[in-house]
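The primary structure of each chain is shown beneath.
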Amino acid sequence: MKALITGVAGFVGSHLAEHLLSQGIEVTGTLRGHSSLRHIRHLLPDMRLYECELMDQQAVDQMMTEIRPDLIFHLAAQSFVPVSWDSPAETLTNNIVGQIHLLEAVRKLGLASKVLIACSSEEYGQVEEDEVPVKETNPLRPVSPYAVSKIAQNYLGYQYYKTFGQHIVRTRTFNHTGPRRGEQFVSSNFAKQIAEIEKGLKPPVLYVGNLEAKRDFTDVRDVVRGYRMALDYCEAGELYNIASGQCREIREVIQILLRYSTVEITIEEDKTRLRPSDVKVLVGDYTKFYQQTGWTPEIPFEQTMKDLLNYWRNE
Ligand code: GDD
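Every chain's residues receive numbers from 1 upward, in the order its sequence appears when written. Local features in this predicted model are restricted to residues of pLDDT 70 or higher, and side-chain atom pairs are both shown and tallied only at a pLDDT of 80 or more, whereas totals for entire chains, interfaces and linings draw on every residue. Each side-chain value is derived from all of the structure's non-hydrogen atoms; neither hydrogens nor water enter the calculation.

Trainee: Go over the overall build of the chain with me, naming the residues and quoting the values.
Mentor: Counting from the N terminus, the helices are the DSSP runs of H or I reaching at least four residues and the strands are the DSSP runs of E reaching at least two. Along its length, the chain carries ten helices and 13 strands. For the radius of gyration, the atoms used are the C-alpha atoms, and the globule rule reads 2.2 Å times the number of residues raised to 0.38. The C-alpha atoms of the chain give 19 Å as radius of gyration, which agrees with the globular expectation for 315 residues (20 Å, within 12%). In terms of its C-alpha atoms, the chain occupies a principal-axis envelope of roughly 60 × 45 × 40 Å. Per-residue accessibility, obtained with a 1.4 Å probe over protein chains only, is compared with the maximum for each type, and a residue is labelled buried under 20%, exposed over 50%, and partly exposed between these values. For the chain, with 315 residues in total, the buried portion stands at 54%. Relative to all contacts within the chain whose residues are 6 or more apart in sequence, the contacts with residues 24 or more apart total 80%. The contact rule is simple, with two residues in contact once any of their heavy atoms fall within 4.5 Å.

Trainee: Can you lay out the site of the ligand for me, pointing to particular residues and giving the numbers?
Mentor: Residues are classed as near a molecule or strand on a simple rule: at least one heavy atom within 4 Å of it. Within the structure, the ligand sits among 22 residues, and Ser79, Ser120, Tyr146, Arg275 and Asp278 are positioned closest to it. The separation between an oxygen atom of the ligand and a polar main-chain atom of Thr173 is 2.9 Å. Here a nitrogen atom of the ligand and a backbone polar atom of Gly209 are 2.8 Å apart. Per-residue and other accessible areas follow the Shrake-Rupley method at a 1.4 Å probe size, with only the shown protein chains counted as cover for residues. A total of 720 Å² of accessible area belongs to the ligand in isolation, and the protein chains cover 96% of it. Considered class by class, the residues forming the shell around the ligand number nine nonpolar, eight polar and five charged. Polar contact is the term for a pair of N or O atoms within 3.5 Å; when the atoms are in protein, one must be able to donate a hydrogen and the other to accept it, and sequence-neighboring residues count only if both atoms are side-chain atoms. Classification convention: Asp, Glu, Lys, Arg as charged; Ala, Val, Leu, Ile, Met, Phe, Trp, Tyr, Cys, Pro as nonpolar; all other residues, Gly among them, as polar.

Trainee: Mind laying out the sheet that holds strand E5 (residues 114-120), listing which residues take part and the relevant values?
Mentor: For two strands to pair, DSSP has to find at least two bridges joining them. Read from one edge to the other, the open sheet built from seven strands follows the order E3-E2-E1-E4-E5-E6-E11, with strand pairing classed as parallel. Each of the sheet's edge strands pairs with one partner strand only, and the pair in question is strand E3 (48-51) and strand E11 (239-242). Ignoring strand direction, the axes of neighbouring strands in this sheet form an average angle of 20°. Where strand E1 (residues 2-6) meets strand E4 (residues 71-74), four bridges bridge the pair, whose relative direction is parallel. Paired with Ile5 across the bridge in E4 is Phe73. With axes taken as lines fitted to C-alpha atoms, and helix axes fitted only over the stretch in contact, angles between N-to-C directions fall between 0 and 180 degrees.

Trainee: How would you explain the packing of helix H8 (residues 250-259) against helix H10 (residues 301-313) if you had to name every residue and give the values?
Mentor: Angle between the axes and distance between the axes are the two parameters that describe a pair of packed helices. Packing of H8 against H10 brings their axes to within 9 Å, and their N-to-C directions diverge by 65°. Relative to H10, the element H8 lies roughly perpendicular. Regarding H8 and H10, the two cross each other, and that crossing is right-handed. When H8 is examined against H10, the residues Val253, Ile256, Leu257 and Arg259 are found in contact with a partner set consisting of Phe301, Glu302, Met305 and Leu309. Residue composition of the contact of H8 with H10, grouped by class: six nonpolar, no polar and two charged. Angle categories are assigned with fixed cut-offs, so that under 35 degrees is roughly parallel, over 145 is roughly antiparallel, 65 to 115 is roughly perpendicular, and the rest are oblique. In this scheme the crossing of two helices becomes right-handed for a clockwise turn of the near helix relative to the far one and left-handed for an anticlockwise turn of less than a right angle.

Trainee: Describe in detail unusual backbone geometry, supporting the description with residues and values.
Mentor: Here the amide bond leading from Val132 into Pro133 is cis, since omega sits at -5°, within 30 degrees of zero. By the secondary structure assignment, Pro133 is in the loop between E5 and helix H5 (145-164). One non-glycine residue, Arg68, lies in positive phi territory at about 40°. Mapped onto the fold, Arg68 is located in the loop between helix H2 (57-67) and E4. Residue Arg68 is classed as partly exposed on the basis of its relative accessible area of 40%.

Trainee: Describe helix H7 (residues 220-233), listing the residues and the values that go with them.
Mentor: In this model, H7 (14 residues) spans 20 Å end to end at C-alpha, consistent with the 20 Å of a helix rising 1.5 Å per residue. Of all 14 residues making up H7, eleven are buried, and the element is well covered by its neighbours. Any helix carries an expected span of 1.5 Å times its number of residues minus one.

Trainee: Which residues make up the pattern of salt bridges, and what values do they have?
Mentor: Each reported salt bridge corresponds to a side-chain nitrogen of Lys or Arg within 4 Å of a carboxyl oxygen of Asp or Glu. Going through the model one piece at a time under the given rule, you end up with 26 salt bridges. The partner of Glu104 in a salt bridge is Arg107, with the nearest N and O atoms 2.8 Å apart. Note that Glu104 and Arg107 are positioned in helix H4 (residues 88-109) at a spacing of three residues, about one turn of the helix. Note on Glu104: relative accessible area 15%, which makes it buried. What emerges from the salt-bridge pattern is a single network uniting Glu122, Arg215, Arg275 and Asp278.

So yeah, pure geometry; function would need other evidence.
Here is the structure:
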């Protein structure tokens, strides 16, 4: 069994590669020329890296001709919401066109690959309080260019399934975190700041944005386990929420992290961290995914936060 992971050097890609390798699957991962290898260096003896710019159709065609994967996990994307306001065109182009090139290669080569498209709970956007936990059928009210790019990825997946019969499964994953999470994302950013305060590298002030937002966090190690199950058991053409079903105010993330630390800190709002529009509440209903795969999240959020803090302490 051969798997291709796009964006293997990233946070989710590195965890997914680890998981698939542990199951005896042959893994090839794509990355861009400038990507750092620090998350995957320990895996290099066991997996193949393929430098491929997904914006280049010829490069994608050549890679797919060589690899002919049975499973494709399409993770590569511009995934930080605030960057999508600074660079909307780049976010939309990267996220949409890269995927088109991948699906076009599958079509032209007549491959029977099963494809997972990593979509996002951001697609739901402004959810009403009485709509949570949200089901896959909830209306979409996107409030960032990133969210719109994910909606486009989602519907392109649907369209290639309908038009060409490709085996495409779309997962709408809610917030996920854990060791190696990029430092720009909320839980990782707070954990890194706390680790730096502990080391005496920074004064004891934690800079924060909107603490009133509510999110649903799953451990990345549970998420990647779910991604494999999605291609094993889910129906082609269908869309599934992957979530924990638990709602947490961002303020609570700080409280939990601080439980595992001895530092005394003050919290200060940094206005540059506030967004032009922020999704107020996202909590997912993952019943459909559970019924199809038997997946449930296993790692408690407190454990995830402990592991994340330890990750930054050791960096
Ligand atoms: N990044 C960040 N930094 N966010 C902060 C901060 C801060 O200092 N303070 C408060 N927040 C709030 C944000 O305003 C947002 O409401 C929430 O914390 C989560 O922010 P992020 O961690 O940046 O994640 P996101 O919810 O915008 O998007 C993530 O989840 C999506 C859904 O799974 C990303 O991982 C997306 O790629 C993903 O699709």
